[in-house]
Amino acid sequence: MLTVIMECRDQEPELAQTLSVLVAGAVEGLVSDVIVLDHGSQDGSSMVADAAGCRFYQQWDMKDVLAKARGEWLLLVEPGARLGQGWVDEVAEYVALNGVPARFSESRTYRLPFYRRLTRSRPPLETGLLLPKRQALAIVDSQTDLLQLARGHKARRLASEIIPSWVAREARR
C-alpha cells in the first residue's frame, strides 16, 4: 500500500488535479491514504483535501507524519502533477518487487524548451519520488520538509510518465 504526501500553499486547483488522478490508485487498493501538508493557504485547499478524504496538516512534525502514514511506501509529489496512464499497475508491481526509490519518467508531451531544460535546476519533486517508508523514517527529523526528503536519492526510472506541476501553474495564468 502507498501513502501519497504533498506540500501546498494556495494551490487549490493544482491540488484538485493531482487528487483526481489518484482516485484510480485508491479504487485499485494501491493508495491507502493521502496527506496534505499546508503552509498557510488562504484558498480552499483545506476544503478540497477534506472533500477527497485526505489528512490535512497546517502544523506538523515530519517524523510523526511519516510514522502515522498507513502505506509501507511513500509517493511524494507536487500539487498539480498528474501521473500518466498505467501508473497504478506499474507502481503496484514495482513496490512488490523492489526496495529502492524510483521516479517517474518526464512527460514527452509536456516539456520545456530545450534551452530552458539545460539552464535550470530541476526541482527535486518534479518527477515525483516513490520510496520505502522505512528508508524515509531513517533519514528525517522533525524539521525536514518534502524537498529535503526528496534530495539525494539514487532512484530508478519508471516507464510511467508524470506531467509536472509547472504545466498546471502555466495553465492557471
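Residues numbered from 1 in each chain as written. Predicted model: local features only at pLDDT ≥ 70, side-chain atom pairs only at ≥ 80, totals over all residues. Heavy atoms only, no water.

Right, let's talk about the environment of S107 for a bit. Along the polypeptide, S107 turns up in the loop between β6 (102-106) and α5 (114-119). Spatially, the C-alpha atoms of S107 and R82 are 9.8 Å apart, while their sequence positions differ by 25 residues. Ignoring any residue separated from it by four or fewer positions in sequence, one finds S107 in contact with E161, I162, I163 and P164. (Helix = DSSP H or I, 4+ residues; strand = E, 2+ residues; numbered from the N terminus. Contact = heavy atoms within 4.5 Å.)

For the coordinates displayed, the defined rule picks out three salt bridges. With a closest N to O distance of 2.2 Å, D33 and R55 form a salt bridge. Pair noted here: D33 is in strand β2 (residues 31-38) and R55 is in strand β3 (residues 55-57), with a separation of 22 residues, a long-range link. For D33, a relative accessible area of 6% corresponds to the buried category. A salt bridge links D64 to K68, with the nearest nitrogen and oxygen atoms 3.4 Å apart. Of the two residues, D64 and K68 are both situated in helix α3 (residues 62-68); the distance of four residues between them amounts to about one turn of the helix. By relative accessible area, K68 is classed as partly exposed at 47%. (Salt bridge = Lys/Arg side-chain N within 4 Å of Asp/Glu carboxyl O. Buried < 20%, exposed > 50% of the residue type's maximum accessible area, 1.4 Å probe, protein only.)

The end-to-end C-alpha separation of helix α1 (residues 12-27) is 23 Å, in line with the 22 Å expected for 16 residues at 1.5 Å each. In α1, a bend of some 30° at V21 exceeds every other bend along the element. Along α1, the positions that sit buried rather than exposed are E14, L15, T18, L19, L22 and G25. Where α1 terminates, the next one or two residues include G29, which has phi positive at roughly 85°. (Expected span 1.5 Å × (residues − 1). Bend = angle between axes of the 7 residues up to and from the residue.)

This part takes up the environment of D33. Between the C-alpha atoms of D33 and C54, which are 21 residues apart in sequence, the distance is 6.7 Å. Discounting residues that sit within four places of it in the chain, D33 has contacts with L2, T3, V4, R55, A69, R70 and G71. Side-chain polar atoms of D33 contact the side chain of T3, separated by 2.5 Å. Of note is the side chain of D33, whose polar atom sits 2.2 Å from the side chain of R55. (Polar contact = N/O pair within 3.5 Å; in protein donor to acceptor, adjacent residues only side chain to side chain.)

A few words on the nonpolar core. One finds L2, V34, W87, V91 and L130 to be the most contacted residues of the largest nonpolar core, which totals 29 residues. Sorting the residues of this core by element identifies β1 (2-8), α1, β2, α2 (45-51), β4 (73-76), α4 (87-97), β6 and β8 (156-163) as the ones contributing at least two each. Considering each element in turn, this core owes the most residues, five residues, to α4. If we ignore the near neighbours within four places in the chain, the residues touching V34 are V4, M6, L19, L22, C54 and R55. Formed by 17 residues, the second largest nonpolar core is a distinct cluster that contains M62, L74, A136 and L146. (Core = buried A, V, L, I, M, F, W, Y, C linked by side-chain atoms within 4.5 Å.)

None of the figures reported here should be taken as evidence of function without further support.
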